[in-house]
Amino acid sequence: MKTVKTILKVLLGIILVLAVVVVIGMFAVPTEMRIERSIDVNAPKAMVHRYVSHLQLMKEWGVWFDMDPDMKNEYAGEDGRPGAINTWESSVVGNGSQEITLVTADRVETKLRFTGDWESEADAYIQLAEGEAGAVKVSWGMITEIGRPFNFIMSLAGFEKALTDDYDRGLIKLKDLLEEKVRSKTYNGYVIETVQVPPTIFLYKRDKVAMDAIQEFFENNLGALYNQLTKAGASPGAPSGFFFVWDEANNITEMAAAIPFSGGRGIKPEQTLMIEGSALKIDYYGNYGTDQIPAYEAFADYIKDWSLEERELIWEEYVTDPGEEPDTSKWLTRIYYFIK
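Reading the values: rules and limits
- Residues numbered from 1 in each chain as written.
- Predicted model: local features only at pLDDT ≥ 70, side-chain atom pairs only at ≥ 80, totals over all residues.
- Heavy atoms only, no water.
- Helix = DSSP H or I, 4+ residues; strand = E, 2+ residues; numbered from the N terminus.
- Contact = heavy atoms within 4.5 Å.
- Areas by Shrake-Rupley, 256 points an atom, 1.4 Å probe, with all protein chains shown as cover.
- Buried < 20%, exposed > 50% of the residue type's maximum accessible area, 1.4 Å probe, protein only.
- Lys, Arg positive; Asp, Glu negative; His and termini not counted.
- Salt bridge = Lys/Arg side-chain N within 4 Å of Asp/Glu carboxyl O.
- Polar contact = N/O pair within 3.5 Å; in protein donor to acceptor, adjacent residues only side chain to side chain.
- Pairing = 2+ DSSP bridges.
- Core = buried A, V, L, I, M, F, W, Y, C linked by side-chain atoms within 4.5 Å.
- Phe/Tyr/Trp six-rings, centres within 6.5 Å; stacked < 30°, edge-to-face > 60°.

## Focus: the overall build of the protein
Across its full length, the protein carries 8 helices and 16 strands. Expressed as a percentage of contacts within the protein between residues at least 6 apart in sequence, the contacts between residues at least 24 apart total 64%. Carbon and sulfur atoms make up 54% of the accessible area of the protein, which amounts to about 19200 Å² in all.

Right, here's the structure in full:
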């Protein structure tokens, strides 16, 4: 009997000691947790800013998306602007949301809300500054309140260390992603080249055309332009299309069917167009029309990342003759996106 009483006293003593340790610990450990990690990224600031300010682009470098490939994400609002929000559901990392609250040239702030068993909020931020040797210094941080006794429990569990490691891995992934883009200049799987188009003269027919009538416009004019050049003794090049205005709201484009040429006689100057200048170029293989959208999205992203200013001129050079090659995957179109 004495043995049982002794054991109970020992257990009670242990429990009291643990209770004292917990009480001391939960008051010794701060209730506010602050994390900040930094890395230098050798990429244009505009590119870095776009990837840290757009919630949908954060999927490409945020480590928590890798932890749960089946995570469900729902986006609302204008991405990259205050009010944009990503709400997620995950059996691995939990449920919650991230809302953009501030976007400036150097800083992005978001509000994190976690739901479920560990309901809480946190303020997160990403600060951009000048790094070493022209790099962009990216500082990623978070501030949150953790009530007692959970502050002590999470401290024992190594929660802050685990979260810090996640931030480090995310920043490394961001650095690798953007520096590879700088090296390869590959967007949506397309390599984008910067070229200088020499002065080139085209015989052309320009008009406003409904978007669903573009193919008909080419069929009605390219053949006629080619015949006119051959009759004039000129040497024609690849058939081409120019797009000066693309008005999706009204489903109209201002465009031209055109053929480059050299030599010839009797061609009226008012029927010709000369183009030249700096342009971005993609060698696109595939069918025309909506299949080309990813290539044009690649141009748009590249222009934003490199802070370029575009001209109102796009040139599509149809290198492959569809009449000679039935396989659309082998149709080569060189797309030139002119920049200032």
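Back to the write-up after that little detour.
## Structural notes on the side chain of aspartate 68
When you line up the elements, aspartate 68 lands in the loop between helix 4 (63-67) and strand 2 (72-76). Notably, aspartate 68 is buried but unbridged: the nearest opposite-charge side chain belongs to lysine 72, and the N-O separation is 9.7 Å. A polar contact of 2.5 Å, which involves the side chain of aspartate 68, links it to the side chain of serine 90. Aspartate 68 has contacts with Ser90, Ser91 and Val92, leaving out every residue within four places of it along the chain.

## Describing the pairing of strand 15 (residues 310-318)
As paired strands, strand 12 (residues 240-247) and strand 15 are joined by 4 bridges and run antiparallel to one another. Residue serine 240 lies in a different strand from strand 15, and its bridge partner there is glutamate 317. Pairing geometry for strand 15 and strand 16 (residues 332-339), over 6 bridges, is antiparallel. Residue tryptophan 315 lies in a different strand from strand 16, and its bridge partner there is tyrosine 336.

## Quick look at the pairing of strand 10 (residues 193-210)
Within a regular strand, the side chains alternate between the two sheet faces. By the bridge criterion, 9 bridges tie strand 10 to strand 14 (residues 272-285) in an arrangement that is antiparallel. The residue of strand 14 that forms the bridge with isoleucine 201 is methionine 274. Across 9 bridges, the pairing between strand 10 and strand 13 (residues 252-263) is antiparallel. For lysine 208, the partnering residue across the bridge sits in strand 13 and is glutamate 254.

## Examining unusual backbone geometry
Among all residues save glycine, negative phi is the norm, and among peptide bonds the norm is trans. One non-glycine residue, asparagine 188, adopts positive backbone phi at about 55°. In this fold, asparagine 188 is placed in the loop between strand 8 (186-187) and strand 9 (190-191). Although it is not a glycine, serine 307 sits at a positive phi angle of roughly 55°. Residue placement: serine 307 occurs in the loop between helix 8 (293-305) and strand 15.

## A word on helix 2 (residues 45-53)
Most of helix 2 is tucked away, with 7 of its 9 residues classed as buried. Every buried residue of helix 2 is accounted for by Met47, Val48, His49, Arg50, Tyr51, Val52 and Ser53.

## Overview of the nonpolar core
With 65 residues, the main nonpolar core has Val48 and Val138 as its most contacted residues. By residue number, the principal contributor to this core is helix 7 (residues 214-231), which donates 6 residues. Membership of the second largest hydrophobic core comes to 14 residues, among which are Phe202, Ala258, Leu273 and Trp315.

## Some details on the packing of aromatic side chains
Scanning the entire structure with this criterion turns up 21 aromatic pairs. Look at phenylalanine 202 and tryptophan 315: their rings are 5.3 Å apart centre to centre, the planes differ by 85°, and that puts the pair in the edge-to-face class. Of this pair, phenylalanine 202 sits in strand 10 while tryptophan 315 sits in strand 15, placing them 113 residues apart in sequence. For phenylalanine 202, a relative accessible area of 0% corresponds to the buried category. Among the residues examined, tryptophan 315 registers a relative accessible area of 6% and is labelled buried. Residues tyrosine 288 and tyrosine 318 carry aromatic rings whose centres are separated by 5.4 Å and whose planes lie at 75° to one another, so their mutual orientation is edge-to-face. Pair noted here: tyrosine 288 is in the loop between strand 14 and helix 8 and tyrosine 318 is in strand 15, with a separation of 30 residues, a long-range link. Its relative accessible area of 29% is what places tyrosine 288 among the partly exposed residues. Counting every residue linked through ring pairs, the aromatic cluster contains Phe202, Phe242, Phe244, Trp315 and Tyr336.

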